[in-house]
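# Breakdown of the fold
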Amino acid sequence: MDTLNLTLFILLLLIYIVTICGNLLIIVLVFCSKILQSPMYVFLSQLSITDIMLTTDISPNMLSIVLHEQTTISFSGCITQFYFSALSLVLECFLLTVMSYDRYLAICTPLHYLAICSPLHYVSIMNHGLCIKLILVSWLLSCSVALILTLDLSQLRFCGPNTIDGFFCDFNPLMALSCSDVSVVQLAGTLLSIPVIILPFLVIVISYIFIVLTISKISSFSGRWKSFSTCSSHLTVVSMYYGTLIIMYVLPNEEHSQMITKTLALLYTVLIPCLNPFIYSLRNKDIKAAFRRSVYSKFYLHFQLKIR
């Protein structure tokens, strides 16, 4: 293995470790800390679970490819990898949409057709029951969409040199390898992209239009900044994630070179899951406070146990 491959392997391994540790930390903090029991942080913990599932599904195989310059995977293993990657990607779309709706309710809850806003109604609307229902529906829809796509792909015939020019079993590379008529599967993928990518993206855009309109009515700059800061992290993740997904799966594939396709795939499967914990935690006072309390309590307990 040459120096370049070794350097890339170490870099990707470090990113994988940071991704797992960062997202696990958010899950543990949300589960254990009383100040992180609001719906926003519950949704964030689900997003961290999704990121761990996605990077664990793809990164080990990618590391093997970098280490050996190529690797072999069985057809069943490839289909399984596709199912979990599709499940993770679809689930993240739905969770980001639910999180934007949560931020919309927190900042501006419409009371009637005149769109009079009352943030005080947020707690009564986004209660624990609705939070759990939104999470369960997101998981159910994601599993269903991933299963439909996986079953469609598993019915195709692969009779040529089954070599994927990439680092994981994705929808378009598998379609390109098939010697069957893929028009029906392609149509199914296109139709499913509407409720999975297009409609959630529109919901997010509409939610943020209302949020921006509401924030613009706040008289003080500090009030506007405080309101916007609660959404800035989520908006950053949405911009990166949906930007890459729309280019990859909605725009015509013929316009992309292999280098661009691989770069975009690396962005949304490896880099974004690694960046998410930092984006959501570095500017979040509640998460930093929960982390400090957790660290302090561990050291304090350790000290007490030592002196007895």
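Reading the values: the criteria
Residues numbered from 1 in each chain as written. Predicted model: local features only at pLDDT ≥ 70, side-chain atom pairs only at ≥ 80, totals over all residues. Heavy atoms only, no water. UniProt positions renumbered as here; feature names shortened; annotations may be inferred. Patch = residues over 30% accessible without salt bridge, like charges linked within 9 Å, V, L, I, M, F, W, Y side chains within 5 Å. Areas by Shrake-Rupley, 256 points an atom, 1.4 Å probe, with all protein chains shown as cover. Salt bridge = Lys/Arg side-chain N within 4 Å of Asp/Glu carboxyl O. Helix = DSSP H or I, 4+ residues; strand = E, 2+ residues; numbered from the N terminus. Buried < 20%, exposed > 50% of the residue type's maximum accessible area, 1.4 Å probe, protein only. Axes fitted to C-alpha atoms, helices over the stretch in contact; angles between N-to-C directions. Parallel < 35°, antiparallel > 145°, perpendicular 65-115°, else oblique. Left-handed = near helix turned anticlockwise from the far one by under 90°. Nonpolar A, V, L, I, M, F, W, Y, C, P; charged D, E, K, R; others polar.

Labelled according to an unreviewed UniProt entry, the chain appears under the name Olfactory receptor, originating from Staurois parvus. As recorded by UniProt, the Subcellular location (unreviewed entry) comment attached to the chain reads in full: "Cell membrane". Its UniProt record gives the chain a comment under Sequence similarities (unreviewed entry), which states: "Belongs to the G-protein coupled receptor 1 family."

### Some points on a nonpolar patch on the surface
Together, Leu-187, Leu-191, Ile-194, Leu-199, Leu-202, Ile-206 and Phe-210 make up a nonpolar patch on the protein surface, roughly 630 Å² of accessible area in all. Mapping Ile-194 onto the fold places it in helix α7 (residues 183-216). The partly exposed category is assigned to Ile-194, whose relative accessible area is 40%.

### Re the packing of helix α2 (residues 39-68) against helix α3 (residues 75-107)
Where α2 meets α3, the axes come as close as 9 Å, and the angle between the chain directions of the two elements is 160°. Accordingly, the angle class assigned to the pair α2 and α3 is roughly antiparallel. Relative to α3, α2 is oriented so that their crossing is left-handed. Considering only residue class, the contact of α2 with α3 consists of 16 nonpolar, 7 polar and 5 charged.

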